[in-house]
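Descriptive structure summary
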There are 2 protein chains.
Amino acid sequence: MLEVSQRGRAMPVSPYRKLTPFADEAKQRGVHVYHLNIGQPDIETPPAMMAAVQQADIRVLEYSPSAGSVSYRQKLAAYYQRAGMNVVPDDILVTSGGSEAIFFAMMSCLNPGDEVIVPEPFYGAYTAFAIATTVNIVPVTSTMDEGFALPAISEFEKVITPRTKAILICNPNNPTGYVYSRTELEQMRDLCLRHNLYFLSDEAYREFCYDSEYFSAFQLEGAEEHVVLLDTVSKRYSACGARLGALVTKNKQLQATALKFAQMRVSAPGLSQLMGEAATELPDSYFEHTKAEYTARRDLMVSRLRAMPGVYCPVPGGAFYVVARLPVDDSEKFCQWLLEAFTYDNQTVMLSPGAGFYATPGLGNDEVRLAYVLNLDDLNVALTCLEKGLAAYPGRKHAPEETAVLQEAKA
Amino acid sequence: MLEVSQRGRAMPVSPYRKLTPFADEAKQRGVHVYHLNIGQPDIETPPAMMAAVQQADIRVLEYSPSAGSVSYRQKLAAYYQRAGMNVVPDDILVTSGGSEAIFFAMMSCLNPGDEVIVPEPFYGAYTAFAIATTVNIVPVTSTMDEGFALPAISEFEKVITPRTKAILICNPNNPTGYVYSRTELEQMRDLCLRHNLYFLSDEAYREFCYDSEYFSAFQLEGAEEHVVLLDTVSKRYSACGARLGALVTKNKQLQATALKFAQMRVSAPGLSQLMGEAATELPDSYFEHTKAEYTARRDLMVSRLRAMPGVYCPVPGGAFYVVARLPVDDSEKFCQWLLEAFTYDNQTVMLSPGAGFYATPGLGNDEVRLAYVLNLDDLNVALTCLEKGLAAYPGRKHAPEETAVLQEAKA
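Below is a short write-up of the structure. All values derive from a computational prediction rather than experimental measurement.

The next thing to look at is the overall build of chain A. If you tally the helices and strands in chain A, you get 14 helices and twelve strands. On C-alpha atoms alone, chain A measures out to a radius of gyration of 22 Å, which is about the 22 Å that the 2.2 N^0.38 rule sets for 411 residues. A principal-axis box enclosing the C-alpha atoms of chain A has dimensions of 75 × 55 × 55 Å. A total of 411 residues make up chain A; the buried ones form 62% of that total. For chain A, restricting intrachain contacts to residue pairs at least 6 apart in sequence, the fraction spanning at least 24 positions comes to 75%.

Next comes the structure, spelled out in structure tokens:
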């Protein structure tokens, strides 16, 4: 009998997709499912990006250079420069999505068995990349009660071992929406300098920062050899299907190493690089519009969630996610129940259970991640489904005051 | 001091790109360089494939399903069916290029330290994928004198150990152009059944088979659980920049495992899948035309190479490569010399040194790989450059009869 590999068995099924069969069954029953479970925005991909491909005159769709096309790297560097980041084209390796940038960074920075510290909750795919690259993720826990701010640096210091090679953050954060402050970034930089660690900064949501000016790890002074920016056009331009990302670092040895992994797969998608070029030429007003839209969605989501009895969430400053605490026995059970057993006006809502974003067992069991990727009307209906669902859920936990009332009634 | 990872240091610089700086310098001196070193065809990408993207009405370029879009998988299965292969959509995982299919297969089938047997010479990137996945390639040597036919099965048996998990072939072969016969494939199948091995078959060049009917490993009877087809549209449709491939297997456990790696990177490029769909609808005449063109190029290349004193090559039955033995001291030195120190009418030619295709040290040092990816006129001039270069090269080895004449002259 043939067996699949140990690492293949160890790979997690995507937490985003675990509940998909239940959503599919609901749809087959004719139920409309609102997807707040995945970061797939409904925002239009900028027509200028599509036009760059659709109007291109291409006789032979050739391999591009392994590091990415020269013209895209030049324009992308200019985009970073405008954002206050000192990036030159040679600092950029163009990748197949942000995913490949994460993969190349882990492969290039860490040996098998090495450790990378990641504040939890974190993007679930990091776990998959760690297994694929035989690297260990060591979590430090950020808490909802502190708005998912950076855990104290002493918490990082506690878990540092001789095998620790890197810190990995997502900023603005997926799933919490937290935006790390300049002070927090400087604390992490100092830690990386003190312990000789790479500082991997996943900035997929850079342009979605609602209450403050964004400050990138790439703007930190004195950490040029340490900082590795992991980036993608997926969310920024609602172009998830383009699979176009970048690994950006001033560390020349690391860049040369990552390039060897890039040569292995020859090149990133060619048409997407044309889209990427066009994206760098979008006017600033593009981001103003999308930011205004996402801000309105965030505000709606937060105010509606907070108005639901027993529900709490911090106000996220960026990205397009909210982590909320729900008054339920188990959020995964609740999410499945919403799809299997509940409808409101023949509609329901799909959420991501919180546990999939934590490495520490037992955490996140009363939390969910909600993505505000739907327009305000749809979002409103989706949140009404959630509200009605919470009220009807058999596994609902009662708030202390409710419990007291119930106990009195029983007595 | 920060260090890059051990595997990063171990990764090879692409053998195709090692000589690139010398080619770039030649170009800067105004020399025209004919590229026979890489498998980048000059054949037009079918306009219907480009039109599929350019005429598509796409509002949001979304993630596609991790396994690939349903419509592409359906049409691709039909393409395989027409080619006599019993493939259904669920057997197909759409990948970012054939490269990712190779990567997923190695990750899913082998544990770190496990061994995969590969007939050498082989596609250089296999070495990179083996290092990235911490798998060991064990070569069995095919020889030019036997036309690079499959080595005797007893040679495979000799190197099988408890760590051997798979055989990997490229058919038609890159770099040799050899097309494995049905009998050879059946021998390998029997070996895989006997020793419980996966049979990984890279069929990037399936449609380029000039002297015989193509027989795929996927057509072998009784090996459904063992065979994993690794495929790509890159060469078949001259669409290398699309980065669209596939991992195809009837082994359900393996397919489910590979899907977990696919979920890690969310999806393959979206626009390329539209191109892939259009490709499956091209008329048979498309392949007739490209085959006729490549056959003419092959015939020209082989006859011209064989007419050069001291040069020998077998007649390749498929793909678009020839491995030739040259009368030179060291083919890497010669290739570099062609770029650095030689011109003919202000032109020169770039070849791939043979050693990069062998795992066994010392082999291939008098061999080169030539890709017949240029039109007949350019190919002719490129081969004239090679002929003149061989005549002028200071490190030329003389054939026995020439040596005899020279010795007589000295005496």
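Having put the structure on the table, let's press on.
Now for the side chain of Ser216 of chain B. All names here are of chain B. Summarising the element assignment, Ser216 is placed in the loop between strand E6 (198-202) and strand E7 (227-232). Residue Ser216 is classed as buried on the basis of its relative accessible area, which comes to 0%. Setting aside anything within four residues of it in sequence, one finds Ser216 in contact with Met85, Leu185, Glu203 and Leu229.

Bringing the interface of chain A and chain B into the picture now. Opposite the 81 residues of chain A that make contact, chain B presents 81 residues. Between chain A and chain B, the buried area comes to about 6400 Å², and carbon and sulfur atoms account for 55% of it. Applying the counting criterion to the chain A and chain B interface returns zero salt bridges. Among the residues making up the side of chain A that touches chain B, the classes are represented as 41 nonpolar, 27 polar and 13 charged.

Now for the relation of the copies chain A and chain B. In the superposition of chain A on chain B (RMSD 0.0 Å, axial shift 0.0 Å), the rotation amounts to 180°. Those values place the two copies in the arrangement expected of a two-fold rotation axis. Relative to the rotation axis, the C-alpha of Gln54 of chain A is the closest in chain A, positioned 2.1 Å from it. Interface overlap between copies: 100% of the residues of chain A at the interface are likewise at the interface in chain B, consistent with a symmetric, same-surface contact.

Across the junction of Asn171 of chain B and Pro172 of chain B, the peptide omega takes the value -10°, indicating a cis bond. Cis rather than trans, the peptide bond between Asn174 of chain B and Pro175 of chain B has omega equal to 20°. Mapped onto the secondary structure, Pro175 of chain B falls in the loop between strand E5 (164-170) and helix H8 (182-195). A positive phi angle is found at Ser238 of chain A, which is not glycine, with a value near 50°. Within the secondary structure, Ser238 of chain A sits in the loop between strand E7 (227-232) and strand E8 (245-249). Look at Ser238 of chain A and you get buried, because its relative accessible area is 1%. The backbone of Arg243 of chain B shows a phi angle near 55°, a positive value even though the residue is not glycine. Tracing the sequence through the fold places Arg243 of chain B in the loop between E7 and strand E8 (245-249).

A word on the pattern of salt bridges. Applying the stated criterion across every chain yields a total of 40 salt bridges over all chains. We note a salt bridge from Asp299 of chain A to Arg298 of chain A, for which the minimum N-O separation is 3.1 Å. You can call Arg298 of chain A buried: its relative accessible area is 5%. The closest approach of N and O atoms between Glu203 of chain B and Arg206 of chain B, which form a salt bridge, is 3.2 Å. What makes Glu203 of chain B buried here is its relative accessible area of 0%. Judged by relative accessible area, Arg206 of chain B falls into the buried class, the value being 4%. Here the residues in one salt-bridge network are Glu203, Arg206, Asp231 and Arg236 of chain A, joined through shared partners.

Turning our attention to empty space enclosed by the protein. Any empty space left between the atoms is revealed when a probe the size of a water molecule rolls over them. What the rule picks out here adds up to five cavities of 30 Å³ or more. The computed volume of the largest cavity comes to approximately 440 Å³. For the largest cavity, the lining is made up of 32 residues, of which Tyr63 and Val266 of chain A together with Tyr123, Ala125 and Lys235 of chain B are closest to its centre. Listing elements by their share of the lining of the largest cavity, those giving two or more residues are helix H9 (252-264) of chain A together with helix H5 (97-109), helix H6 (125-132) and E7 of chain B. Grouping the amino acids of the lining of the largest cavity by side-chain chemistry returns 16 nonpolar, nine polar and seven charged. Taken as a whole, the second largest cavity encloses approximately 280 Å³ of empty space. Surrounding the second largest cavity, 20 residues form its lining, Glu100, Phe103 and Arg265 of chain A together with Glu100 and Phe103 of chain B being those nearest its centre. Of the residues belonging to the lining of the second largest cavity, the class tally is eight nonpolar, six polar and six charged.

In this section: H6 of chain B. All names here are of chain B. Of all eight residues in H6, six are buried; the element is thus mostly enclosed. When we look at burial in H6, the residues that qualify are Ala125, Tyr126, Ala128, Phe129, Ala130 and Ala132. Backbone geometry just after H6 places Thr134 at a positive phi near 50°.

Another aspect to go through is the sheet that holds strand E11 (residues 352-353) of chain A. Sheet strands pair by backbone hydrogen bonding; their relative direction is either parallel or antiparallel. Residue and element names in this part refer to chain A. With respect to topology, three strands assemble into an open sheet ordered E9-E12-E11, the strand pairing being antiparallel. What marks the edges here is a single partner per strand, and that holds for strand E9 (321-325) and E11. Packing against the sheet, helix H11 (residues 284-307) makes contact with E9 and strand E12 (367-371), and its axis sits at approximately 5° to E9.

Okay, the pairing of strand E9 (residues 321-325) of chain B next. Residues and elements named next belong to chain B. Most of E9 is tucked away, with four of its five residues classed as buried. Pairing geometry for E9 and strand E12 (residues 367-371), over five bridges, is antiparallel. Among the inter-strand pairings, Arg325 is bridged to a residue of E12, identified as Glu367.

A few words on helix H13 (residues 376-392) of chain A. Residue and element names in this part refer to chain A. Taking 1.5 Å of rise per residue, 17 residues should cover 24 Å, and H13 covers 24 Å from first to last C-alpha, within 8% of that figure. Turning to H13, its buried residues number three or more, namely Leu379, Ala382, Leu383, Thr384, Cys385, Leu386, Gly389 and Leu390. The elements touched by buried residues of H13 are strand E1 (32-35), H11, helix H12 (331-340), strand E10 (347-350) and E12. Backbone nitrogen of Asp377 and a side-chain oxygen of the N-cap are separated by 3.1 Å at the start of H13; the cap is Asn375.

Take the sheet that holds E12 of chain B next. Residue and element names in this part refer to chain B. Read from one edge to the other, the open sheet built from three strands follows the order E9-E12-E11, with strand pairing classed as antiparallel. Every interior strand has two partners, whereas the edge strands, E9 and strand E11 (352-353), have only one. Together, E9 and E12 form the strand contacts of helix H11 (residues 284-307), whose direction differs from that of E9 by roughly 5°.

The next thing to look at is the pairing of E12 of chain A. Here E12 of chain A lies mainly inside the structure; five of its five residues are buried. The alternating pattern of E12 of chain A places Glu367, Arg369 and Ala371 of chain A and Val368 and Leu370 of chain A on opposite faces, both of which are buried.

Here we take up the state of the cysteines. Here, disulfide denotes a covalent bond that connects the sulfur atoms of two cysteines. As enumerated under the stated definition, the model contains zero disulfides over all chains in all. Not engaged in a disulfide, the cysteine Cys109 of chain A finds its nearest cysteine sulfur in Cys192 of chain A; these two sulfurs lie 11 Å apart. For Cys109 of chain A, a relative accessible area of 3% translates into the label buried. As a non-bridged cysteine, Cys209 of chain B has Cys170 of chain B as the owner of its nearest cysteine sulfur, 12 Å distant. The class of Cys209 of chain B is buried, set by a relative accessible area of 3%.

Cut-offs and rules
Residues numbered from 1 in each chain as written. Chains lettered and ligands numbered in written order. Predicted model: local features only at pLDDT ≥ 70, side-chain atom pairs only at ≥ 80, totals over all residues. Heavy atoms only, no water. Helix = DSSP H or I, 4+ residues; strand = E, 2+ residues; numbered from the N terminus. Rg over C-alpha atoms; globule rule 2.2 N^0.38 Å. Buried < 20%, exposed > 50% of the residue type's maximum accessible area, 1.4 Å probe, protein only. Contact = heavy atoms within 4.5 Å. Buried area = accessible area lost by both parts, 1.4 Å probe. Salt bridge = Lys/Arg side-chain N within 4 Å of Asp/Glu carboxyl O. Nonpolar A, V, L, I, M, F, W, Y, C, P; charged D, E, K, R; others polar. Least-squares fit on C-alpha atoms with pLDDT ≥ 70 in both. 1 Å grid on protein atoms, 1.4 Å probe; cavity = no way out; pocket = protein on both sides within 12 Å on 5 of 7 lines; lining within 4 Å. Points joined across faces, edges and corners; volume = space filled by probe spheres on them. Pairing = 2+ DSSP bridges. Axes fitted to C-alpha atoms, helices over the stretch in contact; angles between N-to-C directions. Expected span 1.5 Å × (residues − 1). Polar contact = N/O pair within 3.5 Å; in protein donor to acceptor, adjacent residues only side chain to side chain. Disulfide = S-S within 2.5 Å.

Don't take any of this as a statement about function, it's just geometry.
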